[in-house]
Amino acid sequence: MAVFGEEFSTNISFMDNGTKKFIFELNKLSDAMKNGEGRQYVIFALDFLNEYSEKHLISEEKVMIKYRFHDIEGHAVQHDEFRSELIRISDEYAGKGADHAFPLLVQRFMASWLNHHISRSDKVLGDYLHSAAKKARS
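Residues numbered from 1 in each chain as written. Predicted model: local features only at pLDDT ≥ 70, side-chain atom pairs only at ≥ 80, totals over all residues. Heavy atoms only, no water.

Engineer: Help me understand the packing of aromatic side chains in this model?
Structural biologist: Aromatic ring pairs are reported here in terms of the distance separating the ring centres and the angle at which the planes meet. Counting across every chain of the model gives 9 aromatic pairs. Geometrically, the ring pair formed by F69 and Y128 is edge-to-face, given 5.2 Å between the ring centres and 70° between the ring planes. Here Y128 lies in helix α4 (residues 102-137) and F69 lies in the loop between α2 (38-66) and α3 (72-96), a separation of 59 residues in the sequence. Classification of F69 by relative accessible area gives buried; the value is 4%. Taking 5.6 Å as the distance between ring centres and 35° as the angle between the ring planes, the aromatic pair formed by Y93 and F102 counts as tilted. Y93 sits in the partly exposed class, given a relative accessible area of 24%. The rings of F22, F48, Y52, F82, F109 and W113 are connected pair by pair, giving a single aromatic cluster. (Phe/Tyr/Trp six-rings, centres within 6.5 Å; stacked < 30°, edge-to-face > 60°. Helix = DSSP H or I, 4+ residues; strand = E, 2+ residues; numbered from the N terminus. Buried < 20%, exposed > 50% of the residue type's maximum accessible area, 1.4 Å probe, protein only.)

Shown next, in the form of structure tokens:
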């Protein structure tokens, strides 16, 4: 079970709220899998991931542009890779449904994003935004 903590916090409200929702949905999928309901629940996880991609990632991209984030290209590439993988996974689901391994595939995708992007790249972005805000107040 994932828990929101310092390793995921950017201290930027909209980013942290998105991460908390992401963790909540990851935990819901994990609980469904433990209860033998992962195949039934996985469609809800995919719906969440599509919404996350359409709303949260776009909000991050707008903020990166607004504040001229130094690594906007690298960060945006990660977002594009997330979207591409989500499309691939969604297409797989549309083509054959959820076999026994499919919920685990989605769970691993989510956990990887949490542990590699949110805990690293988003932290860098959060630090940059704090620095930019401090400079703007000076």
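Engineer: Would you take a moment to explain the pattern of salt bridges for this structure?
Structural biologist: It is possible for side chains bearing opposite charge to pair when their charged atoms get close. Per the stated rule, a full pass over the model turns up 8 salt bridges. As a salt-bridge pair, K96 and E92 come within 3.7 Å of each other at their nearest N and O atoms. Taken as a pair, K96 and E92 lie in helix α3 at a separation of 4 residues, close to a single helical turn. Classification of E92 by relative accessible area gives partly exposed; the value is 23%. With a closest N to O distance of 3.8 Å, D99 and K96 form a salt bridge. One connected set of salt bridges, linked through shared partners, spans E85, R88, E92, K96 and D99. (Salt bridge = Lys/Arg side-chain N within 4 Å of Asp/Glu carboxyl O.)

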